[in-house]
Structures are given as structure tokens and as C-alpha cells.
Amino acid sequence: LELAPPDSPERPRLLARWASAVNRAGRYGEAVPALEEAIAALKAAGERRMAAEALIFLSDSLRALAQPEGRDRLLEALALLEAGEPGCQLVHALCYYATYEINGGRPQHARKLAERALTTAAQLGLSACGDDAEGSRVYRKALNARGSARCLLGDVGGLEDLRAASEAAIAAGSDPLPSYNEALH
């Protein structure tokens, strides 16, 4: 960041990436102001997708800090992504929102969001074991979210979603537990 001064056109993207890494490291209080700065600059530069990604990380940081506006930031990210062409980022945002709703005690809404994520993923040609590694990871995340929501609703068919996601992760050479844990995060 020191190499990208405030007036650098690369700074918003670098700041967003740095703040996302800080978020992943669990330093949420440090991530929030950096993400807010990055989001404002990315929006001003017309970089909706990158701003939406940063909003998802901001939502996560705010959730971890028990700040209620985390859900609002997530809805803002979805609105930015829905205004453009559907893509893997929209599927990811829907999965994260589903997980947010699971953790908030709203499994019915979470199931609908996860089903929408799976429908969007299928429209994009994504699958649990496809050639697109990121797309497949997000597809498995959607299966996990739907499976978790279904189980919370008493639908034992949710176990099939969880099993399918785990088997696909193993087949892809990935650890199935991180994606399962992401569905509950």
C-alpha cells in the first residue's frame, strides 16, 4: 500500500485485496475502515464487481464484530452484482447471504437463496466437479448452504446435498471440511 499513494488508480484494488486478507486473518476491526475506503473508491471508479466483493468482506467483518449493518452491506453487494451480468461472484454473494441467514436463524430464506445460487450457477454452466475450479468451489458452497438450511428445516434430504458437496470436493482434490465449515460460517 505504501507503493500506491492515495491518488494512484491502483490503490482502491490493492487496498481492497489487502483489507480482504486482513479480514481473512481475523483482524476485523482493522479491515473495516480499509474496506470502507476501498469500496468508496471502487464505486467512484465504476468497478462494481470489485466493490461488491469488498462489500462481502465488509459484511463479514461487521458480522464478526456483532454490528447489525453487516446485512445491509451484503444486500448492497447483491444489488451491485444483480445490476450486471450474472457471474460467479453473484453465486458467491448468494451463498454468503444464505450462510448469513442460516446463522441468523432464518433457514427458510437461506434455502431459497441457496437454491437461487444453484440455479444461477447452473445457468453459468458451473457444476460441483467442473473445469472451472473457482466455479466448482462456489457451486459446492451453494450445495452446502442448501444442505445446511434443509437440515435445519428438518428435511433429511439436506444430508444428500452435504454428501454430494463433500464427495465432489474430494473428487476435485479439495478438503471437504473447509467448504462444509464455510456453509456454517
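Read on for an overview of the structure. Everything quoted here is computed from the prediction, not taken from an experiment.

**Thoughts on the packing of aromatic side chains**
Okay, step 1: Summed over the entire model, instances satisfying the criterion amount to one aromatic pair.
Okay, step 2: A centroid spacing of 6.3 Å and a plane angle of 55 degrees characterise the contact between Y96 and Y100, whose relative ring orientation is tilted. A residue pair is termed a helical-turn pair when its members lie 3 or 4 positions apart in one helix, as Y96 and Y100 do in helix α5 (residues 88–103) at four residues.
Okay, step 3: We classify Y96 as buried; its relative accessible area is 7%.

**Remarks on the environment of R49**
Okay, step 1: On the secondary structure map, R49 appears in helix α3 (residues 48–64).
Okay, step 2: Spatially, the C-alpha atom of R49 lies 20 Å from that of G125, the residues being 76 residues apart in sequence.
Okay, step 3: In contact with R49, other than residues within four places in its own chain, are L81, E85, P86, G87 and Q89.
Okay, step 4: Polar contacts involving the side chain of R49 include one to the main-chain carbonyl oxygen of E85, which spans 2.3 Å.

**Structural notes on the pattern of salt bridges**
Okay, step 1: What the rule picks out here adds up to 17 salt bridges.
Okay, step 2: Note that R106 is salt-bridged to E101, the shortest N-O span being 2.9 Å.
Okay, step 3: Note on R106: relative accessible area 33%, which makes it partly exposed.
Okay, step 4: A salt bridge links D161 to R146, with the nearest nitrogen and oxygen atoms 2.8 Å apart. Highlighted residues: D161 in helix α8 (residues 158–171) and R146 in helix α7 (residues 133–152), separated in sequence by 15 residues.
Okay, step 5: One connected set of salt bridges, linked through shared partners, spans R111, E115, R146, R150, D155 and D161.

**Side note on the side chain of D60**
Okay, step 1: Here D60 shows up in helix α3.
Okay, step 2: Of the polar contacts made by the side chain of D60, one reaches the side chain of R63; its length is 2.8 Å.

**Considerations on helix α4 (residues 70–82)**
Okay, step 1: Between the first and last C-alpha of α4 there are 19 Å, a value that for 13 residues agrees with the 18 Å anticipated at 1.5 Å per step.
Okay, step 2: Of all the residues in α4, the buried ones are G70, L74, A77, L78, L80 and L81. The arc that holds every buried residue of α4, seen down its axis, measures 160 degrees, which confines them to one face.
Okay, step 3: Residues of α4 that are buried sit in contact with α2 (28–44), α3 and α5.

What counts as what
- Here, residues in each chain are numbered from 1, in the same order as that chain's written sequence.
- At least 70 in pLDDT is required for a residue's local features to be given in this predicted model, at least 80 for side-chain atom pairs to be given and counted, and no such filter applies to totals for whole chains, interfaces and linings, which use all residues.
- Computation of side-chain values covers all heavy atoms of the structure but excludes hydrogens and water.
- Only Phe, Tyr and Trp rings are paired, with Trp represented by its six-membered ring, and only when their centres lie within 6.5 Å; those with planes under 30 degrees apart are stacked, over 60 edge-to-face, the remainder tilted.
- Under the DSSP-based scheme used, a helix requires at least four consecutive residues in state H or I and a strand at least two consecutive residues in state E, with every element numbered from the N terminus.
- Exposure classes here rest on a 1.4 Å probe applied to the protein chains alone. A residue is buried below 20% of its type maximum, exposed above 50%, and partly exposed in between.
- Contacts are residue-level and defined by heavy atoms, with any inter-residue pair within 4.5 Å sufficient.
- Contacts described as polar in this section are N or O atom pairs within 3.5 Å, which, within protein, must combine one atom able to donate a hydrogen with one able to accept it, while residues neighboring in sequence count only if both atoms come from side chains.
- A pairing counts as a salt bridge when a side-chain nitrogen of Lys or Arg comes within 4 Å of a carboxyl oxygen of Asp or Glu.
- To estimate the expected span of a helix, count its residues, drop one, and scale the result by 1.5 Å.
- To obtain the arc, one takes the directions from the helix axis to the C-beta atoms.

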